[in-house]
Amino acid sequence: MDQLPSDSASEQDKKPPSKERERERMDHIGIRKDYDEESMGETTVDWRGRPSNPIKHGGMRAAAFVLGLQAFEIMGIAAVGNNLITYVINEMHFSLSESANIVTNFVGTIFLLALLGGFLSDSYLGSFWTILIFGFVELSGFILLSVQAHVPQLKPAPCNMFSDGEHCTEAKGFKALIFFLSIYLVALGSGCVKPNMIAHGGDQFNQENPKQLKKLSTYFNAAYFAFSVGELVALTILVWVQTHSGMDAGFGVSAAAMAMGLISLICGTLYYRNKPPQGSIFTPIAQVFVAAILKRKQICPSNPQMLHGSQNNVGRQHTNKFRFLDKACIRVEEGTNTKESPWRLCSVEQVEQAKILLSVIPIFGCTIVFNTILAQLQTFSVQQGSAMDTHLTKSFQIPPASLQSVPYILLIVVVPLYDRFFVPFARKITGHESGISPLQRIGFGLFLATFSMVSAALVEKKRRDEALNLNKTLSIFWITPQFLIFGLSEMFTAVGLIEFFYKQSLKGMQTFLTAITYCSYSFGFYFSSVLVSLVNKITCTSSTGGWLHYNNLNKDKLDLFYWLLAALSFLNFLNYLFWSSWYSYHPSLSTISQPHHTNAMENNQCTHTFKHYADNNIP
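Description of the side chain of Gln-287
Piece 1. Mapped onto the fold, Gln-287 is located in helix α12 (residues 283-294).
Piece 2. When residues no more than four places from it in sequence are discounted, the contact partners of Gln-287 are Pro-342, Trp-343, Cys-346 and Gln-350.

What follows is the structure, encoded as structure tokens:
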């Protein structure tokens, strides 16, 4: 009997620490475990497929390895994409307008293939393996491009397109095949890697934890910082190598950068928290539309609680948008034991997921013109710089493509200041974890983009007038403002769009919805190709060949084309104001799924939702 107290104490010592004590310990070391993670539907595993440990896996440490990949990958692809038009004209001998279309189609394909990468990741491979597989595909494309640029037999005979353009032979047959094979291997790899980098980094943070949610916002800003660093190195060092050591050496350095990025990814393997693939991500969505069509003649009940699955729904709350989809939740055989097919009867949560896809389409569409402007800065603005005085000193010339580095020099300073000072300050006012909402951030960026094209048009008019009337060559620094303004615009729009889509993502579809943001780039670049051809046809007369017909900017009317883009950009901004207003008047889709906090879900503003959650859940 005397041993009983001792035994009891011994047994007590063997018991695991209480939930409260463990919570305090993790708070003390800076890691807060969400004990309700599984009930909230967020299951993550380590590299062996075992449940992840919040102490060992995830967080900013794991995301840092992904940020390394982001910096190196953009370093390689930007050096190729931003100066590819020079290679296509000077060494492949395509015309200016055709070269511009080749570049825009190449970049557009990259972002269109992001959908494939998102689908494979969410459905079958997971983000880590998708990045690894297609990262090596991208690397092989860089290597092949470097080989072609190095071997004279794989290129047309050397020729000056600007002085002897009519006598130059463009790449055809096997030479053209090697060229297009290499750039589209790069496009396939980069397209599938890009959305997975963002999503895999975002997956290292638990969105159900308010503290982690703030870190997620910081991660998106850090991702753009890594992007800016990669772009800066690509547009300065790598483009300089291309200009002075040859395109073969430049493409080889891009391959080396991609290899370094893959090494960075692999080094973080032990620290990642991975979201396993969910199977086909389209089937549940397709079932909603099929069931709604089959039951189109049914009448929706006035009480949403009568819809199938509403009583057990602990996910997203029912909304009144797109009510025709609610018909997919109407049980026809009510009161019987007959089980309807999942293609005829869906849950409320399924329907709400389908509504999300429809809701974000207008926001997505409003960024297409924005990326059409980006296409001009990577094509016509580079050629615009080529027609200007590129001397920095008597002995040093600035490669025209390197001028795109100007905004990234600024952004490397601005992005950390934005995250460290503006976001905390704005957070105190708005209560939003990102300082300002992603929709507000996108809108401000779209507004700035218009002024980029206004600046470009004014400078091009001045450049052409001085070249034709005064026989003077304008300094290349005159086109700095258009790059600078667009760089700030992109910081707001691009990051806001990715954050918006990632946080609206359906369960198991974070990568695919992130990939949709890249489709905006794709459509923007494709629209640029269509717009160039359309403008040439409309403005073509018997005496002139159109605004962008000639290979000589002094004969073209590039400034008028820029004014057209400025007008389209402003109209697009007004269109965005309408759709963002429409979106904000509906219940937030980024609401944290908490069955005990329905009052927060009823609020129309995202900022109030997160503030309510934080106030009631952070001890």
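Side note on the packing of aromatic side chains
Piece 1. For the structure on display, the rule yields 23 aromatic pairs.
Piece 2. Consider the rings of Tyr-219 and Phe-220, whose centres lie 5.5 Å apart with planes at 50°: the pair is tilted.
Piece 3. Look at Tyr-219 and you get buried, because its relative accessible area is 0%.
Piece 4. Of the residues examined, Phe-220 reaches a relative accessible area of 3% and is grouped as buried.
Piece 5. Plain terms: the ring middles of Phe-447 and Phe-573 are 5.2 Å apart, the flat faces sit at 55° to each other, and that makes the pair tilted. Pair noted here: Phe-447 is in helix α17 (residues 438-469) and Phe-573 is in helix α20 (residues 558-584), with a separation of 126 residues, a long-range link.

Some remarks on helix α10 (residues 210-245)
Piece 1. With 36 residues, α10 extends 50 Å from end C-alpha to end C-alpha; this agrees with the ideal 52 Å at 1.5 Å per step.
Piece 2. Where α10 bends most, at Ala-234, the angle is about 35°.
Piece 3. Directly after α10, the chain includes Gly-246, whose backbone phi takes a positive value near 105°.

Topic: a nonpolar patch on the surface
Piece 1. Residues Tyr-124, Leu-125, Trp-129 and Ile-133 make up a contiguous nonpolar surface patch of about 420 Å² in total accessible area.
Piece 2. Breaking the nonpolar patch down by element, the ones donating at least two residues are α6 (114-125) and α7 (127-150).
Piece 3. Along the chain, Leu-125 falls in helix α6.

With respect to the nonpolar core
Piece 1. One finds Phe-106, Phe-179, Tyr-219 and Phe-561 to be the most contacted residues of the largest nonpolar core, which totals 152 residues.
Piece 2. The greatest single-element share of this core, amounting to 13 residues, is contributed by α10.
Piece 3. With residues up to four places along the chain from it excluded, the contact list for Tyr-219 reads Met-60, Ala-63, Val-66, Leu-67, Gln-70, Met-197, Ile-198, Gly-201, Gly-202 and Phe-205.

Remarks on the side chain of Lys-155
Piece 1. Counting through the fold element by element, Lys-155 comes out in the loop between α7 and α8 (161-164).
Piece 2. Taking the relative accessible area as the measure of exposure, Lys-155 reaches 15% and is therefore buried.
Piece 3. Only 2.9 Å separates the side chain of Lys-155 from the backbone oxygen of Ala-149, close enough to count as a polar contact.

Some details on the environment of Ile-498
Piece 1. Relative to the elements of secondary structure, Ile-498 occurs in helix α18 (residues 480-503).
Piece 2. For Ile-498, a relative accessible area of 13% puts it in the buried group.
Piece 3. Sequence spacing of Ile-498 and Ala-515 is 17 residues, and the spatial spacing of their C-alpha atoms is 8.9 Å.
Piece 4. Excluding residues that lie within four positions of it along the chain, Ile-498 makes contacts with Ile-198, Phe-220, Thr-514, Thr-517 and Tyr-518.

Focus on the pattern of salt bridges
Piece 1. Evaluation of the coordinates by the stated rule reveals 12 salt bridges.
Piece 2. One salt bridge connects Lys-355 with Asp-326, and the closest N-O pair in it is separated by 3.0 Å. One end of the pair, Lys-355, is in helix α13 (residues 348-365); the other, Asp-326, is in the loop between α12 and α13, with 29 residues separating them in the sequence.
Piece 3. A relative accessible area of 1% places Lys-355 in the buried class.
Piece 4. For Lys-461, the salt bridge identified is with Asp-465, shortest N-O distance 2.6 Å. With a gap of 4 residues between them, Lys-461 and Asp-465 both fall in helix α17, about one helical turn apart.
Piece 5. Residue Lys-461 is classed as partly exposed on the basis of its relative accessible area of 37%.
Piece 6. One salt-bridge network, in which partners are shared between bridges, spans Arg-323, Asp-326, Glu-352 and Lys-355.

Describing α17
Piece 1. With 32 residues, α17 should reach 46 Å at 1.5 Å per residue; the first-to-last C-alpha distance of 47 Å fits that figure.
Piece 2. With its phi angle positive at about 55°, Asn-471 sits one or two positions after the end of α17.

A word on the packing of helix α14 (residues 368-378) against α17
Piece 1. The N-to-C vectors of α14 and α17 enclose an angle of 35°; their axes lie 10 Å apart at closest approach. The handedness of the crossing between α14 and α17 is left-handed. When α14 is examined against α17, the residues Phe-370, Ile-373 and Leu-377 are found in contact with a partner set consisting of Gly-445, Leu-446, Ala-449, Ser-452 and Met-453.
Piece 2. Of the residues assigned to the contact of α14 with α17, the class counts are 6 nonpolar, 2 polar and no charged.

Brief notes about the environment of Leu-374
Piece 1. If you trace the backbone, Leu-374 turns up in helix α14.
Piece 2. Since its relative accessible area comes to 9%, Leu-374 is described here as buried.
Piece 3. Taking C-alpha positions, Leu-374 is 9.4 Å from Phe-483, a pair spaced 109 residues apart along the chain.
Piece 4. In this view, Leu-374 contacts Phe-486, Glu-490, Tyr-521 and Phe-525; residues no more than four positions away in its chain are not counted.

Digging into the confidence of the model for the protein
Piece 1. Per-residue confidence for the protein gives a mean pLDDT of 78; residues scoring 70 or more make up 81%.
Piece 2. Mean pLDDT across the elements of the protein bottoms out in helix α21 (residues 598-601) (34) and peaks in α7 (93).
Piece 3. Segment residues 26-41 is flagged for pLDDT under 50; beyond a separation of four residues in sequence, or across chains, it makes 32 contacts in the model.
Piece 4. In this model residues 585-619 is a low-confidence stretch, pLDDT under 50, and it forms 67 contacts with partners more than four residues away in sequence or in other chains.

Notes on the packing of α14 against helix α19 (residues 510-539)
Piece 1. At a closest axis distance of 7 Å, the pairing of α14 and α19 adopts a crossing angle of 65°. Every pair of crossing elements has a handedness; the one defined by α14 and α19 is right-handed. The segment α14 lies against α19, with Ile-368, Asn-371, Thr-372, Leu-374, Ala-375, Gln-376 and Gln-378 engaging Ser-520, Tyr-521, Phe-523, Gly-524, Phe-525, Phe-527, Ser-528 and Leu-531.
Piece 2. For the contact of α14 with α19, the residue count by class is 8 nonpolar, 7 polar and no charged.

Quick word on the environment of Glu-231
Piece 1. Inspection of the secondary structure puts Glu-231 in helix α10.
Piece 2. Given the relative accessible area of 5%, Glu-231 is considered buried.
Piece 3. In the structure, Glu-231 is positioned 153 residues away from Ala-78 in sequence and 6.1 Å away in space, judged by C-alpha atoms.
Piece 4. With sequence-adjacent residues up to four places away left out, Glu-231 is seen in contact with Ile-74, Ala-78, Asn-82 and Tyr-408.

Points about unusual backbone geometry
Piece 1. Even without glycine at this site, Asn-471 takes up a positive phi of about 55°.
Piece 2. Along the chain, the position of Asn-471 falls in the loop between α17 and α18.
Piece 3. According to the relative accessible area criterion, Asn-471 is exposed, its value standing at 71%.

Criteria and thresholds
Numbers given for residues are sequential positions, taken from 1 along each chain in its written order. Only residues with pLDDT of at least 70 get local features here, since the model is predicted, and only at 80 or more are side-chain atom pairs given and counted; chain-wide, interface and lining totals rely on the full set of residues. Side-chain numbers here rest on the full set of heavy atoms in the structure, without hydrogens or water. Each helix corresponds to a stretch of at least 4 residues labelled H or I by DSSP, and each strand to a stretch of at least 2 residues labelled E; elements are numbered beginning at the N terminus. By definition in these notes, contact holds between two residues if any of their heavy atoms fall within 4.5 Å. Geometry of aromatic contacts follows a simple scheme: Phe, Tyr and Trp rings, the Trp one being its six-membered ring, pair when their centres are within 6.5 Å, and the pair is stacked under 30 degrees between planes, edge-to-face over 60, tilted otherwise. Partly exposed describes any residue whose relative accessible area lies between the buried limit of under 20% and the exposed limit of over 50%, with all areas from a 1.4 Å probe on protein chains only and scaled to the type maximum. Multiplying 1.5 Å by the helix residue count minus one yields the expected span of that helix. The angle separating two fitted axes, one through the seven residues that finish at a residue and one through the seven that start at it, defines the bend at that residue. Each patch is built from salt-bridge-free residues with over 30% relative accessible area, joining like charges within 9 Å and nonpolar side chains (Val, Leu, Ile, Met, Phe, Trp, Tyr) within 5 Å. Accessible surface is estimated by sampling points in the Shrake-Rupley manner with a 1.4 Å probe; for residues, cover comes only from the protein chains shown. The rule for a salt bridge is simple: a side-chain nitrogen of Lys or Arg has to be within 4 Å of a carboxyl oxygen of Asp or Glu. The set of buried Ala, Val, Leu, Ile, Met, Phe, Trp, Tyr and Cys residues whose side-chain atoms join them within 4.5 Å is what this entry labels a nonpolar core. Polar contact is the term for a pair of N or O atoms within 3.5 Å; when the atoms are in protein, one must be able to donate a hydrogen and the other to accept it, and sequence-neighboring residues count only if both atoms are side-chain atoms. To obtain an axis, a line is fitted to C-alpha atoms, over the contacting stretch when the element is a helix, and the angle between two such axes runs from 0 to 180 degrees between their N-to-C directions. Handedness of each helix crossing follows the sense of rotation of the near helix against the far helix: counterclockwise by less than a right angle gives left-handed, clockwise gives right-handed. In this classification, the charged set is Asp, Glu, Lys and Arg, the nonpolar set is Ala, Val, Leu, Ile, Met, Phe, Trp, Tyr, Cys and Pro, and all remaining amino acids, among them Gly, are polar. Confidence of the prediction at every residue is given by pLDDT, a number between 0 and 100.

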